[in-house]
Amino acid sequence: MMIDEDVEGGNLGAYQDRPRTFPNMRSKPYTPLIFRVLMGIDARVFLLLLLLGLGAIFYMGACTSPIIVFVFTICILSFLFAIYLTKWVLSKDEGPPEMVQISDAIRDGAEGFFRTQYGTISKMALLLALVILCIYLFRSTTPQQESSGIGRSTSAYITVAAFLLGALCSGMAGYVGMWVSVRANVRVSSAARRSAREALQVAVRAGGFSAIVVVGMAVLGVAILYATFYVWLGVDSPGSMKVTDLPLLLVGYGFGASFVALFAQLGGGIYTKAADVGADLVGKVEQGIPEDDPRNPAVIADLVGDNVGDCAARGADLFESIAAEIISAMILGGTMAQRCKIEDPSGFILFPLVIHSFDLVISSIGILSIRGTRDSSVKSPMEDPMAILQKGYSVTIVLAVITFGASTRWMLYTEQAPSAWFHFALCGLVGIITAYIFVWITKYYTDYKHEPVRTLALASSTGHGTNIIAGVSLGLESTALPVIAISIAIVSAFWLGQTSGLMDEAGQPTGGLFGTAVATMGMLSTAAYVLTMDMFGPIADNAGGIVEMSQQPESVREITDLLDAVGNTTKATTKGFAIGSAALASFLLFSAYMDEVATFSHVTFNQVDIAIPEVFVGGLLGSMLIYLFSAWACAAVGRTAQEVVKEVRRQFIERPGIMDYKEKPDYGRCVAIVASASLREMIKPGLLAIISPIAVGLLFRILGHYTGHPLLGAKVVASMLMFGTVSGILMALFLNTAGGAWDNAKKYIETGALGGKGSDCHKAAITGDTVGDPFKDTAGPSLHVLIKMLATITLVMAPVFL
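Residues numbered from 1 in each chain as written. Predicted model: local features only at pLDDT ≥ 70, side-chain atom pairs only at ≥ 80, totals over all residues. Heavy atoms only, no water.

Q: Explain the nonpolar core to me, please; I cannot follow it from the model alone.
A: Taken as a class, soluble globular proteins show a tendency for nonpolar side chains to be buried jointly. Ranked by size, the top nonpolar core spans 269 residues in total, and within it Tyr-226, Phe-259, Leu-353, Phe-424 and Tyr-593 carry the most contacts. Here this core gets 24 residues from one element, more than from any other, and that element is helix H8 (residues 196-232). Residues contacting Phe-424, with those up to four places away along its chain left out, are Met-336, Phe-348, Phe-404, Thr-408, Leu-412, Gly-497, Ser-500, Leu-502, Gly-511, Phe-514, Gly-515 and Val-518. (Core = buried A, V, L, I, M, F, W, Y, C linked by side-chain atoms within 4.5 Å. Buried < 20%, exposed > 50% of the residue type's maximum accessible area, 1.4 Å probe, protein only. Helix = DSSP H or I, 4+ residues; strand = E, 2+ residues; numbered from the N terminus. Contact = heavy atoms within 4.5 Å.)

Set out below in structure tokens:
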């Protein structure tokens, strides 16, 4: 990262000479290569290429299925809607020059880090693609692949191409999330000078743009891959591959998306929380200055972190969630249709794409339902932003129920079992209700309107230690209700699927697993609106920082503080939602893994016996992986934060004029420290997640070969996956909720409760918030990516374990 020389040296003049000016973190703005190429093309040529591309996509769709054409149409319309949202947000004013300067400094820092981080990730992705290519070129093929003429080399190139496309799309989803947030933050700050409702609307629409693009790209990417393979391989023509086997070729796409999301979440999470912890410990606790005070040298790094850690990383994360869930549901739908000998299985395979297409439509309506006040000159009393967001969510939920029912009737009706579609519609309803319950439970444990956070704030009045004890116990307690909810959802959806009337050749009911898949789709059927609420959080947080740093009136800061507190709750609810969907998606991917092992080994593989010592050891290793990964992620934040603390202390000692506004802090130095440290620190936990399942599978495969147990490697990996998923869900719930509760307990005290800002109670709450930072924004969110990554990596590498 190039830092301007005057920033690096701190030669920024006295405050009187250069009032309220903020540095450029780099000498020129950054745009990724793919966008630079597109922007360099002549407008007419670009339009022609775009029309040709759309024509090719729709031609492939028409050759595949009318359903694919429908999906393409909805995705393209949703992208047009996203462009409308962007134009609307960018048409808002940026406020006075001091706000714009701070915003530019944040944008420079975020784009600089993004370029370096994704440069590192792309090199690692290319290296892994080569490893996958080598493995696939020397592995065995399935009888289905041999009969359809797909050899080893074709299979290898298809998987690698899917992996690279998934990685590219996940990276683009991350960039889109960050691009809009660094431009919307200052517009929310400016809107807050007029009214709370307008500020809320700008933040929601900015988050909505990012969410619509992320979900649309996930659906479009899978649909294009599916249609391309369908046409290229001549699927369903005599002597070629059956359509029911096609979804297995898409697994690489999910793995590529998971790979990028994990490193994006780790690197961004370490960055944002190291800067936040460093800024809080020295600024708020030692110097007693407010959060986001311009005198704090780490404040720009903290605000940059909100964009790279929350917006870019969460965009990549939810992209990966949806891609993994679509692919696993397509695999299970294909497998079930094959077993039941359904004449036209395309409805069961393409059902997930249709559900997520409707998600784009209903979430767009939910976003538009949040309107500004008619007359901004009339000062209306401040409304509760959470209530307004909840209304939008309720609109989306109602529409989701209607569209889900219609989709099941359209796609899943079969004469073999006329009532099956209704059973699957109920499975979807189970998923939608579960999503709502998850959002409600997380809100209950993290919103300061409810008892748990207020009890935690009260514990701060007796000191730092009691605050930590109360926070840890709240986090541990908060795992109970979500686990009960997810357990009921899995069992009831499985039972509804089993009783749907679909039978295999032997007369056995087979719809159970697909019922669970449909429930997962129900849970994710409002994903775009939930991601909008999530993106709202960091944009509101940044807006508050800009308002504080540009020294706006207290009334403006009150509005952004309120939005920020609600943003903390929406971020926590999204993490709870992501954990719930990760639990269900991992259950599906686990079943898909067992099916794949059975296909390759020609041996029935439908249960894992943990009474076998090696299999039990695999489970222990899976659980250990979760704890070790969490430890390394939190330790990375701690080490990086120590460097920030030392730097901030050094600046306060060497430049005593900072506190009196006579000298300028060196913001660029903290940005440079955090950026280089977070890139260095993200590698170790990331590699642990990728290498562990492969190493364990290969080790026990060799052991099984010598002890006469050919499936031992696959069984041990299955056990590792099961235990890792269970431990990961519980650990992520604990980390996310405890961190969110500590943060909002501090926010509650800052509203004036229990002594307010600057009191001993407030200082204890800041300690709790500092401990919770790596919990909720680094280790916690990285864990639900890790859970799905374990599932996709085992699915891709399954042939190696046999």
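Q: What am I meant to see in the packing of helix H5 (residues 97-137) against helix H7 (residues 152-192) here?
A: Between H5 and H7, whose axes approach to 10 Å, the crossing angle comes to 170°. Considering the angle they form, H5 stands roughly antiparallel to H7. Considered class by class, the residues forming the contact of H5 with H7 number 23 nonpolar, nine polar and four charged. (Axes fitted to C-alpha atoms, helices over the stretch in contact; angles between N-to-C directions. Parallel < 35°, antiparallel > 145°, perpendicular 65-115°, else oblique. Nonpolar A, V, L, I, M, F, W, Y, C, P; charged D, E, K, R; others polar.)

Q: So what exactly am I meant to see when it comes to a negative patch on the surface here?
A: Taken together, Asp-236, Glu-343, Asp-344 and Glu-415 make up a surface patch of like negative charges. Relative to the elements of secondary structure, Asp-344 occurs in the loop between helix H10 (299-339) and helix H11 (346-368). For Asp-344, a relative accessible area of 52% translates into the label exposed. (Patch = residues over 30% accessible without salt bridge, like charges linked within 9 Å, V, L, I, M, F, W, Y side chains within 5 Å. Areas by Shrake-Rupley, 256 points an atom, 1.4 Å probe, with all protein chains shown as cover. Salt bridge = Lys/Arg side-chain N within 4 Å of Asp/Glu carboxyl O. Lys, Arg positive; Asp, Glu negative; His and termini not counted. Charge placed at Lys NZ, Arg CZ, Asp CG, Glu CD.)

Q: Explain unusual backbone geometry to me, please; I cannot follow it from the model alone.
A: The phi torsion of most residues other than glycine is negative, and most of the peptide bonds are trans. The phi dihedral of Gln-551 falls on the positive side, at around 55°, and the residue is not glycine. Overall, Gln-551 belongs to the partly exposed group, its relative accessible area being 35%. In this structure, Leu-754 is a non-glycine residue whose phi angle is positive, near 50°. Locating Leu-754 in the fold gives a position in the loop between helix H23 (712-750) and helix H24 (760-797).

Q: It is not clear to me how H10 should be interpreted in this structure. Could you clarify?
A: Since the α-helix advances by 3.6 residues per turn, residues separated by three or four positions end up pointing in the same direction. Between its first and last C-alpha atoms H10 spans 59 Å; for 41 residues at 1.5 Å apiece the expected length is 60 Å, and the two agree. The sharpest bend along H10 comes to roughly 30°, located at Arg-314. Burial of H10 is extensive: 39 of the 41 residues sit out of reach of the surface. Phi for Lys-341, located one or two positions after H10, is positive at around 55°. (Expected span 1.5 Å × (residues − 1). Bend = angle between axes of the 7 residues up to and from the residue.)

Q: I keep staring at a nonpolar patch on the surface and nothing clicks. Help me out?
A: A cluster of nonpolar side chains, Val-45, Leu-48, Leu-49 and Leu-52, forms an exposed patch at the surface whose accessible area comes to about 380 Å². Note on placement: Val-45 falls in helix H3 (residues 43-64).

Q: Explanation requested: empty space enclosed by the protein in the structure shown.
A: The method is simple in principle: a probe with the dimensions of a water molecule rolls over the atoms, and the space it marks as empty is what remains. Counted according to the given criterion, the structure contains five cavities of 30 Å³ or more. Counted as a void, the largest cavity has a volume near 120 Å³. Looking at the largest cavity, it is lined by 18 residues, and the ones nearest its centre are Lys-273, Asp-276, Glu-291, Asp-541 and Asp-743. For the lining of the largest cavity, the elements supplying multiple residues, two or more each, are helix H9 (251-286), H10, helix H19 (554-601), H23 and H24. In terms of residue count, H24 provides more of the lining of the largest cavity than any other element does, four residues in total. Of the residues contributing to the lining of the largest cavity, the split by class is no nonpolar, one polar and 17 charged. (1 Å grid on protein atoms, 1.4 Å probe; cavity = no way out; pocket = protein on both sides within 12 Å on 5 of 7 lines; lining within 4 Å. Points joined across faces, edges and corners; volume = space filled by probe spheres on them.)

Q: Is there a simple way to explain the packing of H5 against helix H18 (residues 527-549) in this structure?
A: To describe two helices that pack against each other, one gives the angle between their axes and the distance between the axes. Axis separation between H5 and H18 bottoms out at 9 Å; the angle between their running directions is 130°. The angle between the axes of H5 and H18 places the two elements in the oblique class. For H5 against H18, the interelement crossing comes out right-handed. Seen from H5, the contacting residues are Met-99, Ile-102, Ser-103 and Ile-106; seen from H18, they are Asn-542, Ile-546, Val-547 and Met-549. A class-by-class count of the residues in the contact of H5 with H18 yields six nonpolar, two polar and no charged. (Left-handed = near helix turned anticlockwise from the far one by under 90°.)

Q: I would appreciate a short explanation of the packing of aromatic side chains in the present structure.
A: For any two aromatic rings, the description comes down to two numbers: the centre-to-centre distance and the angle of the planes. For the structure shown, the criterion picks out 23 aromatic pairs. With 5.8 Å between their ring centres and 90° between their planes, Phe-351 and Phe-404 make a pair best called edge-to-face. Here Phe-351, found in helix H11, pairs with Phe-404, found in helix H12 (residues 385-411); they are 53 residues apart in sequence, far enough to count as distant. Put simply, the rings of Phe-163, Phe-255, Phe-259 and Phe-263 touch in pairs and so form one group of aromatic residues. Over the aromatic face of Trp-88 sits the side chain of Arg-205, whose NZ or CZ is 4.5 Å from the ring centroid. For the cation-ring pair, Arg-409 lies above Tyr-413, with the distance from its terminal atom to the ring centre recorded as 4.2 Å. (Phe/Tyr/Trp six-rings, centres within 6.5 Å; stacked < 30°, edge-to-face > 60°. Lys NZ or Arg CZ within 6 Å of the ring centre and 35° of its normal.)

Q: How do you make sense of the environment of Val-430 when you look at a structure like this?
A: Note that Val-430 resides in helix H13 (residues 420-446). Spatially, the C-alpha atom of Val-430 lies 40 Å from that of Leu-699, the residues being 269 residues apart in sequence. Not counting residues up to four positions away in its chain, the partners in contact with Val-430 are Ala-489, Ser-492 and Leu-496.

Q: Is there a simple way to explain the layout of surface pockets in this structure?
A: Computed from the structure, the second largest pocket encloses a volume of approximately 1,100 Å³. If you trace the second largest pocket, you find 48 residues lining it, with Thr-335, Arg-339, Ser-591, Asp-595 and Glu-596 closest to the centre. Counting residues per element, the ones that place at least two in the lining of the second largest pocket are helix H6 (143-147), H7, H9, H10, helix H16 (480-498), helix H17 (512-523), H19 and H24. Each residue belonging to the lining of the second largest pocket can be placed in one class, and the counts come to 23 nonpolar, 17 polar and eight charged.

Q: Can you help me understand the pattern of salt bridges in this one?
A: On inspection of all chains with the given rule, the structure shows 27 salt bridges. In this structure, Asp-561 engages Arg-557 in a salt bridge whose closest nitrogen and oxygen atoms are separated by 2.9 Å. Of this pair, Asp-561 and Arg-557 both sit in helix H19, separated by four residues, roughly a single helical turn. When the shortest N-O distance is used, the salt bridge between Glu-647 and Arg-650 registers 2.6 Å. Here the residue Glu-647 and the residue Arg-650 both occupy positions in helix H20 (residues 613-654), the gap between them amounting to three residues, near one helical turn. The class of Arg-650 is partly exposed, set by a relative accessible area of 32%. Salt bridges sharing common partners tie together Lys-273, Asp-276, Asp-564, Asp-743, Lys-746, Lys-747, Asp-769, Asp-773, Lys-776 and Asp-777.

Q: Just checking my understanding: could you explain the side chain of Asn-296 for this structure?
A: Within the element layout of this structure, Asn-296 appears in the loop between H9 and H10. For Asn-296, a relative accessible area of 4% translates into the label buried. Those residues within four positions of Asn-296 in sequence are excluded, and the remaining contacts are Ala-279, Gly-283, Ile-289, Val-648, Phe-652 and Tyr-667.

Q: So what exactly am I meant to see when it comes to the side chain of Thr-520 here?
A: Here Thr-520 lies in helix H17. A polar contact of 2.9 Å, which involves the side chain of Thr-520, links it to the backbone oxygen of Thr-516. Those residues in contact with Thr-520 that sit more than four places away from it in its chain are Glu-325, Ser-581, Leu-584, Ala-585 and Leu-588. (Polar contact = N/O pair within 3.5 Å; in protein donor to acceptor, adjacent residues only side chain to side chain.)

Q: Just to check I follow, could you spell out the environment of Thr-532 for this structure?
A: Assignment of secondary structure puts Thr-532 in helix H18. A C-alpha to C-alpha distance of 7.9 Å links Thr-532 and Arg-205, two positions 327 residues apart in sequence. Discounting chain neighbours no more than four positions away, the residues touching Thr-532 are Val-204, Gly-207, Gly-208, Ala-211 and Ile-367.

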